[in-house]
There are 4 protein chains.
Amino acid sequence: MYAKMHPLAEEKVFKDPVHKYIYVQDETIWSLINTREFQRLRRIRQLGTSYLTFHGAEHSRFSHSLGVYEITRKIISQFERGGYSDWPQDEKLVSLCAALLHDVGHGPFSHSIEELFDTHHEEWTCRILLEETEINEVLRRVDPSFPEQVAAVICKSYERPIVMSLVSSQMDADRMDYLLRDAYFTGVNYGTFDLERILRVLRPHKGQIVVKESGMHAVEDYLMSRYQMYWQVYFHPVTRSSEIILRQIFRRAKELYGSSYGFAWMIGPLEQLFNGTINVDGYLSLDEALVQTAFVQWQKEADPILADLCRRFLNRKLYKYVTMDEANETLWQQIREELQSVGLHPAYDLEIDFPFDLPYDVYRPGAAISEKDEKPPILLLDQEERLSEISAKSDIIRSITGLHRGKYHLYFPEEKLRGTAADLSQTVRDVFGL
Amino acid sequence: MYAKMHPLAEEKVFKDPVHKYIYVQDETIWSLINTREFQRLRRIRQLGTSYLTFHGAEHSRFSHSLGVYEITRKIISQFERGGYSDWPQDEKLVSLCAALLHDVGHGPFSHSIEELFDTHHEEWTCRILLEETEINEVLRRVDPSFPEQVAAVICKSYERPIVMSLVSSQMDADRMDYLLRDAYFTGVNYGTFDLERILRVLRPHKGQIVVKESGMHAVEDYLMSRYQMYWQVYFHPVTRSSEIILRQIFRRAKELYGSSYGFAWMIGPLEQLFNGTINVDGYLSLDEALVQTAFVQWQKEADPILADLCRRFLNRKLYKYVTMDEANETLWQQIREELQSVGLHPAYDLEIDFPFDLPYDVYRPGAAISEKDEKPPILLLDQEERLSEISAKSDIIRSITGLHRGKYHLYFPEEKLRGTAADLSQTVRDVFGL
Amino acid sequence: MYAKMHPLAEEKVFKDPVHKYIYVQDETIWSLINTREFQRLRRIRQLGTSYLTFHGAEHSRFSHSLGVYEITRKIISQFERGGYSDWPQDEKLVSLCAALLHDVGHGPFSHSIEELFDTHHEEWTCRILLEETEINEVLRRVDPSFPEQVAAVICKSYERPIVMSLVSSQMDADRMDYLLRDAYFTGVNYGTFDLERILRVLRPHKGQIVVKESGMHAVEDYLMSRYQMYWQVYFHPVTRSSEIILRQIFRRAKELYGSSYGFAWMIGPLEQLFNGTINVDGYLSLDEALVQTAFVQWQKEADPILADLCRRFLNRKLYKYVTMDEANETLWQQIREELQSVGLHPAYDLEIDFPFDLPYDVYRPGAAISEKDEKPPILLLDQEERLSEISAKSDIIRSITGLHRGKYHLYFPEEKLRGTAADLSQTVRDVFGL
Amino acid sequence: MYAKMHPLAEEKVFKDPVHKYIYVQDETIWSLINTREFQRLRRIRQLGTSYLTFHGAEHSRFSHSLGVYEITRKIISQFERGGYSDWPQDEKLVSLCAALLHDVGHGPFSHSIEELFDTHHEEWTCRILLEETEINEVLRRVDPSFPEQVAAVICKSYERPIVMSLVSSQMDADRMDYLLRDAYFTGVNYGTFDLERILRVLRPHKGQIVVKESGMHAVEDYLMSRYQMYWQVYFHPVTRSSEIILRQIFRRAKELYGSSYGFAWMIGPLEQLFNGTINVDGYLSLDEALVQTAFVQWQKEADPILADLCRRFLNRKLYKYVTMDEANETLWQQIREELQSVGLHPAYDLEIDFPFDLPYDVYRPGAAISEKDEKPPILLLDQEERLSEISAKSDIIRSITGLHRGKYHLYFPEEKLRGTAADLSQTVRDVFGL
């Protein structure tokens with residue numbers, strides 16, 4: 001289907017710290033940016049609780065979404081200038097819209113909340129595209145079937161694989177933007193790589209986006225940036241600590257809500273989230289401002305666990321942690337029992353974390369097609385038009401492929417454990433350094 | 001009074017995108033950062049509504065406050081290495097604390113709210129330092145009189161002028177940090193200047209901080225950065241439009257609160273703000289998360305003016321504007337009357353703005369001492385130890401000194417005026433281009 | 001005349017630290033870069049002796065020339081995308097060639113040598129384009145009259161003024177590149193400005209390149225960069241000291257050559273330069289490598305003045321200087337006489353310098369058309385298509401316009417004067433601080 | 001031995017594009033920089049012929065040497081502030097001098113010339129320190145034995161290993177500076193890493209410089225920069241082509257010099273190099289200006305091979321190359337014979353290159369102590385004060401350790417081979433794509 005572009009009379013420009021400028025040339029894109037659903041992304045942080053570790057990481061999904069759009073625009077523009085016949089030119093608008101909107105269904109602190117309430121931001125994205133929203137209205141103006149088309153790209157059921165390869169692969173516009181952007185705002189300069197060089201070596205090729213072989217070292221550099229950002233930023237143990245507290249707050253509030261407890265302060269969208277009646281309209285008013293406001297109010301709730309957790313989160317009195325190389329269920333069970341016996345609450349006063357429960361991975365070459373959420377590997381195209389998977393050529397990439405090395409972290413409220421230390425066994429005291 | 005430093009066993013480090021690292025070496029500073037009052041600054045944006053113009057400008061007063069502390073630390077450290085006798089070494093801790101805490105009394109979107117509710121962030125800062133807060137407790141641990149000392153520096157009644165000159169002058173750590181930081185996060189690279197060079201030419205001299213004459217061009221560069229940031233960022237007409245809407249929201253809500261109107265949604269701290277009973281505790285829960293949450297809820301209020309204004313602010317449907325070189329009260333009165341006559345609300349549907357109502361100014365050489373809030377000028381120290389005010393030596397600085405050139409902007413809801421255009425006079429239609 | 005482009009089968013790319021990449025898309029440009037005359041620019045430094053002050057300033061006219069080409073390419077490309085009818089599309093190749101080649105006639109340390117030997121690099125550029133060279137051969141392949149066309153643009157006698165306005169004005173590609181490049185290589189970050197923004201506001205308009213009015217602050221920023229680079233880099237008194245010694249070396253060598261002195265070491269191209277017989281072929285072998293080699297050899301010449309000057313230059317034993325606000329011919333005459341009387345050489349042991357003998361100026365608004373070498377002013381284009389000269393609108397630009405404030409510097413070999421101080425009058429000793 | 005520092009009355013500062021500023025605080029360092037031997041490094045490029053591939057790479061060993069000094073100064077300053085007892089404070093001056101002077105014996109295009117004339121820059125460095133030079137004089141002013149001490153550090157025979165570990169290891173100030181500097185001047189941003197973070201994790205520990213374990217990822221990042229710089233810059237095949245031509249020029253000139261050939265142009269220092277009589281004085285006048293001047297002159301030599309090679313080098317008419325995965329001596333022998341039979345010169349018209357003949361290696365963990373020129377591995381220090389070699393902990397570093405993957409390149413003058421293609425076998429024509 002050919003989705004017609006409607007050029008703006010005058011190009012619009014956003015100043016962006018990462019890409020310098022973001023260029024909007026099409027009426028549909030401009031209108032999408034100005035919808036209430038897209039503007040809401042200003043109230044959702046890109047990196048969740050990471051700002052508690054890296055104070056600069058206060059950037060929103062709004063700016064990231066513009067960045068993904070801009071990189072996609074640049075890739076397509078390079079394909080058009082190169083005149084590659086493998087790029088279907090009439091897929092430009094659907095690609096740009098999918099790039100811009102792919103994160104529109106994210107809620108506040110998504111990764112923590114999704115797990116607890118079993119919601120998925122991709123599903124919300126599709127509902128926001130397809131139900132009665134300003135976004136839906138703008139897309140329908142292009143063509144009545146256009147909302148479904150854009151949703152199909154995002155949900156990976158679109159007929160032309162090359163469009164999905166552009167929007168979602170292991171080196172897609174999404175990952176490229178967030179690496180650069182997260183590096184910029186955290187101030188961690190490990191995450192930078194040469195975007196301009198990467199863009200120059202991408203090629204459309206038989207339904208996929210591949211990389212010219214001469215660009216192998218540029219891809220290595222990009223993947224090393226991912227690797228470094230994992231360890232320096234995304235898996236930072238202090239950030240994990242804040243996520244754990246956040247999850248505990250929601251767990252506790254949901255428990256209380258389902259019990260006879262009467263909240264001194266409550267607000268509609270949270271209530272709907274807790275009782276499972278939330279719809280698109282409610283979801284759209286659920287943002288990080290609301291979550292933080294609830295936490296500020298809940299500091300005064302009668303329930304001491306909830307009030308304490310909220311204070312911890314807001315005032316950054318995070319859990320401390322100790323590290324263990326191996327799992328040890330027996331020991332962990334012993335700790336839980338002792339905590340219980342001294343009057344602590346094992347479900348809140350101990351959290352054992354293994355960082356690889358996370359939705360990040362550096363690079364996975366051999367993804368079975370059937371696996372859900374699996375993204376296609378990075379392919380090199382040599383001068384004889386042969387393709388090869390990149391880790392077969394690069395020692396470095398092979399070395400980080402599927403790397404699942406990690407350690408266990410035991411998070412705990414230090415001052416509480418210290419207060420009961422006299423009643424704990426020496427074994428347990430040793431674990432926590434008490 | 002000699003405030004004793006308490007070195008930390010191990011230096012603490014924050015990763016900062018502007019200064020690379022922020023170094024904390026003293027126990028008092030570390031404890032202050034970890035108070036709830038200081039952590040609250042994470043929920044107050046440094047640039048108010050500017051993020052609606054520059055989407056990267058989502059940085060908080062928390063990161064700015066750390067930056068001001070770091071620059072102050074660097075200046076003092078350079079003075080100590082230089083061994084200048086004009087720098088009183090026992091003023092280090094009070095200077096660092098004042099630098100860190102000077103903005104702790106800022107509320108959400110301060111500039112707009114202060115005007116409307118006649119509050120002043122400096123007063124709140126002093127109350128937060130002096131009343132029962134975690135900050136007060138930390139400061140008292142240094143010495144019972146230490147909270148008063150730090151407050152005196154911030155409120156400019158401290159006995160030693162050089163400390164105030166360090167923390168508050170026309171080239172102080174505050175301005176240096178916000179120029180660099182605002183430039184970084186907006187992506188506008190006009191605001192950068194060579195901080196390292198400026199620091200190298202500062203000298204303590206008879207109760208003031210002055211500049212070695214050889215650093216004149218570096219100061220010119222710094223002032224040109226200020227000048228450019230004014231025009232590109234701080235006075236940006238789109239930002240002004242969003243501030244106007246914000247102020248109208250508060251004005252309307254306060255009006256309604258004082259009337260018989262019953263709010264469908266209200267929250268304690270706002271109520272206290274409206275009825276003038278807010279105290280330190282209430283003020284500390286008044287942050288931008290709360291304000292945005294209120295706006296999200298108020299979109300559904302029965303009052304159409306309030307609901308419309310909130311939608312405009314959140315969804316960035318801002319007022320358009322036209323520009324006029326000169327004031328023209330007669331014309332403006334005519335416009336107001338016509339708007340009234342066609343059923344519009346002149347107090348909300350028209351706002352005339354002159355940018356120099358703002359708390360910024362590029363540089364003012366001849367500040368009369370008596371003027372409140374007036375900051376000392378920048379002085380050059382030549383090799384013969386003579387001082388001269390910098391605009392006497394620099395043509396460029398003289399050219400921007402006290403520059404008050406500006407234009408009037410008339411802000412209005414375009415679609416509303418367009419809807420009534422048929423009933424407006426040609427004169428008024430011409431003004432708004434209808 | 002329409003000069004046909006010959007697109008390369010594959011775009012060529014140069015990695016450039018200033019522009020990231022330089023893109024060559026045309027066969028003619030590629031061939032010109034590969035001529036021996038253009039490659040020779042690698043052996044001519046962009047900033048002459050400035051590397052003795054700023055050790056990073058070792059960049060060549062080769063890289064600057066590529067940069068001027070790239071900026072010109074970007075401007076034209078923006079004009080083409082904008083579809084402006086005032087830009088004559090068939091002038092692209094001649095513009096690009098003129099941009100690339102405009103400095104090809106520069107000799108070693110041009111500014112010093114041109115003055116002494118009364119040669120002009122622009123004339124040499126034209127001779128290199130028009131006589132028997134590889135460049136001439138490449139240009140003739142486009143069209144037999146093409147060398148003359150390109151030369152006409154460079155020498156400002158081309159029929160279409162807009163092409164000359166592009167290549168040579170007060171905000172041309174030449175100046176934009178050298179400001180950015182000199183800032184990058186010296187490490188002085190005053191010289192940066194937002195090139196991308198400037199390019200976006202340039203417009204072809206009735207035979208000139210003008211600036212959209214909304215770009216005024218960007219132009220201010222560019223001119224302030226110029227201003228700062230003058231004072232920090234181009235007029236740096238240490239650089240002036242090295243230029244003075246360089247000029248004295250050539251003056252002395254020429255004197256000796258014209259006398260009965262027999263050089264122990266001499267080389268063809270210098271001999272031709274001294275006796276005025278140098279032709280294009282000789283000129284092309286006159287580069288900075290040759291000049292430095294001569295100086296290394298001349299350190300062992302029998303003439304003590306020449307040998308000493310060469311040692312000073314190579315080993316950076318530069319002249320010291322004192323500063324005077326006003327000219328004082330009487331005093332200077334007295335100094336010269338006293339130096340003579342104590343056995344020093346006033347023509348070598350004293351040099352009085354006023355920095356505005358230099359071929360730089362920040363901005364000159366009112367250039368009379370008749371003046372040679374005068375470049376057109378910067379014009380703003382408002383929304384009603386009216387033009388105004390920029391200093392009429394900008395206070396800042398007016399403040400630096402035609403600014404000729406400067407000081408006199410007296411350069412001298414300190415240890416020599418110190419050695420004779422006992423025989424000098426107190427007046428003279430005071431001048432030099434002896 | 002305690003080498004006394006002599007603080008300068010006022011700190012001297014160099015503006016440096018890589019480190020922003022270079023600070024000189026000691027009289028001895030200042031005097032060393034001002035010697036003729038050190039100033040000569042301005043005429044030796046840091047990256048040899050790489051400027052023919054990356055036109056920005058025109059930076060000299062002078063700026064690199066200052067950079068190595070500055071990094072060393074920063075490391076020592078951090079050690080001093082940390083108060084680590086394992087750092088011998090009286091070794092400061094000898095360390096700084098060794099850092100500054102370690103490259104002072106480099107000749108023009110060292111790597112090519114050293115091989116051909118069997119000279120070693122380290123030996124020249126020591127001779128320059130120990131024979132009659134200005135450097136020797138400055139060092140002797142500290143103490144008569146001081147020149148020997150500094151030379152001992154550079155030649156790795158100093159009594160205290162920690163000083164040599166500082167100046168020469170696999171993560172020393174030398175490597176750190178050249179990676180950052182070469183990345184800056186080539187414009188290749190792969191080479192950047194977080195210097196400030198690396199400096200913070202270095203520790204003196206029992207006679208070695210080691211790395212805190214928490215800094216492992218920072219070291220990975222540094223080694224990946226090395227890896228990328230190898231492939232993108234140091235082993236670039238175009239640079240190799242220019243080095244081959246350079247070596248051929250010297251080989252040919254030496255051959256001719258040893259024969260009955262009479263050079264039309266010759267110069268003392270080259271003559272001494274060819275006949276093996278060169279001494280320190282001659283060596284010091286052998287710089288890249290002299291080499292380039294010789295090449296310019298030799299373009300007109302009667303010997304066609306020499307003249308052609310010089311033209312190729314100066315005008316960048318480099319050899320083309322083809323790539324082979326494996327060595328094939330039989331084929332290569334056949335090619336040589338055929339070239340001979342058609343009148344070409346196999347010793348000049350074919351050069352087979354394998355990049356690992358080069359003095360670079362990314363990282364080598366297990367260096368046998370006995371091996372000459374072997375640098376100690378990088379050691380991690382954990383919280384229990386245990387040391388481990390870094391590749392035992394890091395998968396990534398292990399993946400690049402001792403990596404010797406490379407390809408053979410056959411370099412040849414394309415137009416010559418093409419001219420004789422009709423007389424070559426199909427096999428040979430296929431190899432060269434003729």
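In this numbering scheme, every chain counts its residues from 1 along its sequence in written order. Chains and ligands are labelled by the order in which they are written, letters from A for the one and numbers from 1 for the other. Note on the predicted model: pLDDT of at least 70 is required for a residue's local features to be given, and 80 or more for side-chain atom pairs to be given and counted; whole-chain, interface and lining totals, by contrast, use all residues.

Going by an unreviewed UniProt entry, chain A carries the name HD domain-containing protein and comes from Paenibacillus mendelii.

## So, the overall build of chain A
A helix here means a DSSP run of H or I that spans at least four residues, while a strand means a run of E at least two residues long, and both kinds are numbered starting from the N terminus. Summing up its helical and strand segments, chain A has 22 helices and nine strands in all. Expected size for 434 residues packed as a compact globule is a radius of gyration near 22 Å; at 24 Å, chain A falls within 12% of this value. Its C-alpha atoms give chain A principal-axis dimensions of roughly 75 × 50 × 40 Å. Working definition of burial: number of other C-beta atoms within 10 Å of the residue's own, with buried at 20 or more, exposed at 12 or fewer, and partly exposed in between, all C-beta atoms being placed from the backbone. Here chain A holds 434 residues, and the buried ones make up 52% of them. Pairs at least 24 apart in sequence give 68% of the contacts found in chain A among residues at least 6 apart. Our radius of gyration looks at C-alpha atoms and nothing else; its globule reference is 2.2 Å times the residue count to the power 0.38. With C-beta atoms placed from the backbone, a contact is any residue pair whose C-beta atoms sit within 7 Å.

## Remarks on the sheet that holds strand β5 (residues 320–324) of chain D
All names here are of chain D. The three strands are arranged β5-β9-β6 in an open sheet whose pairing can be described as antiparallel. Of all the strands in the sheet, just β5 and β6 (351–353) have a single pairing partner and so form its edges. Between one strand axis and the next, the sheet turns by 25° as a mean value, whatever way the strands run. By definition, two strands form a pair when at least two bridges between them are found by DSSP. When β5 meets strand β9 (residues 408–412), the two strands line up antiparallel, connected through five bridges. From the neighbouring strand, Y321 faces β9, where its bridge partner is Y411. Contacts between helix α13 (residues 237–258) and the sheet are confined to β5, β6 and β9, with β9 contributing the most and set at about 50° to the helix. Between N-to-C directions, angles span 0 to 180 degrees; the directions come from axes that are lines fitted to C-alpha atoms, helices contributing only their stretch in contact.

## Some thoughts on the interface of chain A and chain B
On the side of chain B, 34 residues touch chain A, which itself brings 34 residues to the contact. Mapped by element, the contributors of at least two residues to the side of chain A that touches chain B are β1 (7–16), α2 (36–39), α3 (61–82), α10 (173–186), α16 (288–298) and α17 (304–315) of chain A. The dominant element in the side of chain A that touches chain B, judged by the number of residues it contributes, is α16 of chain A, at five residues. Within the side of chain A that touches chain B, the residues separate by chemical class into 13 nonpolar, 13 polar and eight charged. Residues are grouped as follows: nonpolar covers Ala, Val, Leu, Ile, Met, Phe, Trp, Tyr, Cys and Pro; charged covers Asp, Glu, Lys and Arg; every other residue, Gly included, is treated as polar.

## A look at the relation of the copies chain A and chain B
In this comparison the copies share one frame, found by least squares on the C-alpha atoms of residues holding pLDDT of at least 70 in both. For the pair chain A and chain B, the relating rotation is 180°, the translation along its axis is 0.0 Å, and the fit reaches an RMSD of 0.0 Å. Interpreted geometrically, this transformation is the action of a two-fold axis. For chain A, the minimum C-alpha distance to the rotation axis belongs to A289 of chain A and amounts to 2.0 Å. Mapped onto chain B, 100% of the interface residues of chain A again fall at the interface, so both copies present the same surface.

## Brief notes about the pairing of strand β4 (residues 208–212) of chain A
All names here are of chain A. Pairing of strand β3 (residues 202–205) with β4 involves four bridges; the strand directions are antiparallel. When the sheet's bridge partners are listed, H205 is paired in β4 with Q208. Following β3, the chain reverses through two residues before pairing antiparallel with β4; K206 in that reversal takes a positive phi of roughly 45°. Where β4 meets strand β7 (residues 379–381), two bridges bridge the pair, whose relative direction is parallel.

## Some details on the UniProt feature "domain: HD/PDEase" (unreviewed entry) in chain A
When the UniProt feature table is mapped to this numbering, "domain: HD/PDEase" (unreviewed entry) covers residues 57–188 of chain A. Spanning residues 57–188 of chain A, this segment combines 67% helix with 0% strand, and its end C-alpha atoms are found 10 Å apart. UniProt positions are given in the numbering used here, feature names are shortened, and annotations may be inferred rather than shown by experiment.

## A short note on the sheet that holds strand β7 (residues 379–381) of chain D
All names here are of chain D. Strand order in the open sheet formed by four strands is β3-β4-β7-β8, with mixed pairing between adjacent strands. Strands with a single pairing partner mark the edges of an open sheet, and in this sheet they are β3 (202–205) and β8 (387–389). Averaged over all adjacent pairs, the angle separating strand axes in this sheet is 45°, with direction ignored.

## As for the nonpolar core
Defined on buried residues, the nonpolar core groups Ala, Val, Leu, Ile, Met, Phe, Trp, Tyr and Cys residues joined through C-beta atoms within 7 Å. Core analysis: the biggest nonpolar cluster contains 485 residues, and V150 of chain A, V150 of chain B, V150 of chain C together with V150 of chain D have the highest contact counts within it. Each residue touching V150 of chain D, except ones within four places of it in the same chain, is listed here: V94, C97, A98, L101, L129 and L139 of chain D. L339, L344, L424 and V431 of chain A belong to the second-largest nonpolar core, a separate cluster that totals six residues.

## Structural notes on unusual backbone geometry
Here K20 of chain A, not a glycine, exhibits a phi torsion of approximately 70°, which is positive. Mapped onto the secondary structure, K20 of chain A falls in strand β2 (residues 20–26). For F109 of chain B, which is not glycine, the phi torsion reads 45° and is therefore positive. Inspection of the secondary structure assignment puts F109 of chain B in the loop between α4 (92–101) and α5 (110–117).

## Notes on the pairing of strand β9 (residues 408–412) of chain C
Sheet topology note: the strand β6 (residues 351–353) of chain C/β9 of chain C ladder contains three bridges and is antiparallel. Opposite I352 of chain C, over in β9 of chain C, you have L410 of chain C as the bridge partner.

## Regarding the environment of G187 of chain B
Among the secondary structure elements, G187 of chain B is positioned in the loop between α10 (173–186) and α11 (195–201). The spatial distance from the C-alpha of G187 of chain B to the C-alpha of G215 of chain B is 27 Å, given a sequence separation of 28 residues. Setting aside its immediate chain neighbours within four residues, G187 of chain B contacts K15, D16, P17 and K20 of chain A together with F54 and G56 of chain B.

## Some points on the domain arrangement of chain A
All names here are of chain A. What the domain assignment lists for chain A is domain 1 (7–234 + 380–400), domain 2 (236–312) and domain 3 (319–362 + 405–434). Domain 2 puts seven residues into the contact, and the matching count from domain 3 is nine residues. Of the residues forming the side of domain 2 that touches domain 3, the biggest block, six residues, is contributed by helix α13 (residues 237–258). Where each domain begins and ends is defined by an automated method or by a domain database.

## Side note on the environment of M229 of chain A
Residue and element names in this part refer to chain A. Examined against the element boundaries, M229 turns out to sit in helix α12 (residues 216–234). With 50 residues separating them in the primary sequence, M229 and L179 have C-alpha atoms 7.4 Å apart. Not counting chain neighbours up to four residues away, the residues in contact with M229 comprise L179, D182, A183, Y190, G191 and Y234.

## Digging into the environment of R312 of chain B
All names here are of chain B. The topology assignment puts R312 in helix α17 (residues 304–315). Residue R312 is classed as buried on the basis of its 21 C-beta neighbours within 10 Å. When the C-alpha positions of R312 and Q299 are compared, they lie 9.3 Å apart, and in sequence the two are 13 residues distant. Ignoring anything within four residues of it in the chain, the contact list for R312 reads I245, K317 and L318.

## Some details on the packing of helix α12 (residues 216–234) of chain B against helix α12 (residues 216–234) of chain C
Their axes nearest at 11 Å, the elements α12 of chain B and α12 of chain C cross at an angle of 175°. As summarised for this structure, α12 of chain B and α12 of chain C are arranged roughly antiparallel, according to the angle between their axes. Listed contacts from α12 of chain C to H217, D221, M224, Q228, W231 and Q232 of chain B of α12 of chain B are H217, D221, M224, Q228, W231 and Q232 of chain C. Grouping the constituent residues of the contact of α12 of chain B with α12 of chain C by class yields four nonpolar, six polar and two charged. Note on terminology: angles under 35 degrees are roughly parallel, angles over 145 are roughly antiparallel, angles of 65 to 115 are roughly perpendicular, and the others are oblique.

## Points about the packing of helix α6 (residues 121–130) of chain B against helix α8 (residues 146–154) of chain B
Residue and element names in this part refer to chain B. One way to put it is that α6 packs onto α8 with a least axis distance of 9 Å and a crossing angle of 170°. Of the possible angle classes, the one that applies to α6 and α8 is roughly antiparallel. The segment α6 lies against α8, with E122, T125, C126, L129 and L130 engaging P147, E148, V150, A151 and I154. The class makeup of the residues in the contact of α6 with α8 is seven nonpolar, one polar and two charged.

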